[in-house]
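# Report on the structure
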Amino acid sequence: AQSVTQLDSQVPVFEEAPVELRCNYSSSVSVYLFWYVQYPNQGLQLLLKYLSGSTLVKGINGFEAEFNKSQTSFHLRKPSVHISDTAEYFCAVSGDAGNMLTFGGGTRLMVKP
Amino acid sequence: GAVVSQHPSWVICKSGTSVKIECRSLDFQATTMFWYRQFPKQSLMLMATSNEGSKATYEQGVEKDKFLINHASLTLSTLTVTSAHPEDSSFYICSARESIGIRGSPLHFGNGTRLTVT
């Protein structure tokens, strides 16, 4: 069984400041990790994914995440946020070829001017 | 990139009626699609896995007779909420994986359907 914990339900930050959204997971098997973004009344858009290889993964919109196996974490970061980054962010894990995703509870990023 | 189209985006219906939601993969084939439900300010909960040409697999606690899923082709899955009640009001999202069998291949999501039952 897998689970994903996003420790912060809301993260307020000022525009152009750096941000880190935390994600921890638990799994008994090797995992594949994802970050998705959801804008109001829309579906989910893939930001980035970790499958294997380099633990630092770069995604769209200037986001990046680092896979840390020893800490079972996959935190999302951006060095300078914009107002348009205000959205809900979901961390997800997939651990098998059955293609299912387990989502964290989500973190609402609120970027203030 | 892979696109998943979901229709309608918003529907309001009266209690007791049925509503059908369509999920289409526009530029790829999807033997498996997933249906999620999302309550306000909450995460996505997997309802069922839709398999082309066979019965859907429902998650525990999801009523299969209430949420009918049909995956008639490699590009279309439908979710029918039968005899809808106000508690069925929610945001329903479908997703599909572009390359089945390739582990870690990401899911592509539709834009969701907001169902309001009055």
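Position numbers for residues count from 1 along each chain, tracking the sequence in the order it is written. Going through the entries in the order they are written, you letter the chains from A and number the ligands from 1. A pLDDT threshold of at least 70 governs which residues receive local features in this predicted model, and a stricter bar of 80 or more applies before side-chain atom pairs are shown or counted, although totals over entire chains, interfaces and linings include all residues. Note that water and hydrogens are dropped before the side-chain values are worked out from all heavy atoms of the structure.

What follows covers the environment of E63(B). Numbering of helices and strands runs from the N terminus; a helix is a DSSP stretch of H or I covering at least four residues, while a strand is a stretch of E covering at least two. Residue placement: E63(B) occurs in the loop between β6 (57-58) and β7 (67-73). Only protein chains enter the accessibility calculation, which uses a 1.4 Å probe; a residue whose area is less than 20% of its type maximum is buried, one above 50% is exposed, and one in between is partly exposed. With a relative accessible area of 51%, E63(B) lands in the exposed category.

What follows is about the state of the cysteines. Sulfur atoms of two cysteines make up a disulfide when they are within 2.5 Å. As enumerated under the stated definition, the model contains 2 disulfides over all chains in all. Paired through a disulfide, C23(A) and C91(A) show a sulfur-sulfur distance of 2.0 Å. One quick way to see it: the torsion about the S-S bond of C23(A) and C91(A) is about -65 degrees, and its sign makes the bridge left-handed. Within this pair, whereas C23(A) is found in the loop between β3 (19-21) and β4 (24-26), its partner C91(A) is found in strand β10 (residues 87-94), the two being separated by 68 residues in sequence. Here the two residues C23(A) and C91(A) agree in accessibility, since each one is buried. Put simply, C23(B) and C94(B) are joined by a disulfide, and their sulfur atoms are 2.0 Å apart.

Before going further, it helps to spend a moment on the packing of aromatic side chains. Side-chain rings of Phe, Tyr and Trp (the six-membered ring for Trp) are treated as a pair once their centres are within 6.5 Å; stacked means planes under 30 degrees apart, edge-to-face means over 60, and tilted covers the remaining angles. Tallied over the entire structure, the rule returns 11 aromatic pairs over all chains. Ring centres of Y25(A) and F67(A) lie 6.2 Å apart, and the angle between their planes is 25 degrees; this geometry places the pair in the stacked category. Highlighted residues: Y25(A) in strand β4 and F67(A) in strand β8 (residues 64-68), separated in sequence by 42 residues. Of the two residues examined, Y25(A) and F67(A), each falls in the buried class. The interplanar angle of 70 degrees and the centroid separation of 6.0 Å between the aromatic rings of F103(A) and F109(B) together place this pair among those described as edge-to-face. Of this pair, F103(A) sits in strand β11 (residues 102-103) while F109(B) is found in strand β10 (residues 107-109), placing the two residues in two different chains. Through a chain of ring-to-ring contacts, the aromatic side chains of F34(A), Y36(A), F90(A), F103(A), Y36(B) and F109(B) assemble into a single cluster. A cation over an aromatic ring shows up here: K112(A) above the ring of F14(A), its NZ or CZ 5.9 Å from the ring centre. Here, a charge over a ring means that NZ of Lys or CZ of Arg falls within 6 Å of the ring centre while also lying within 35 degrees of the ring normal.

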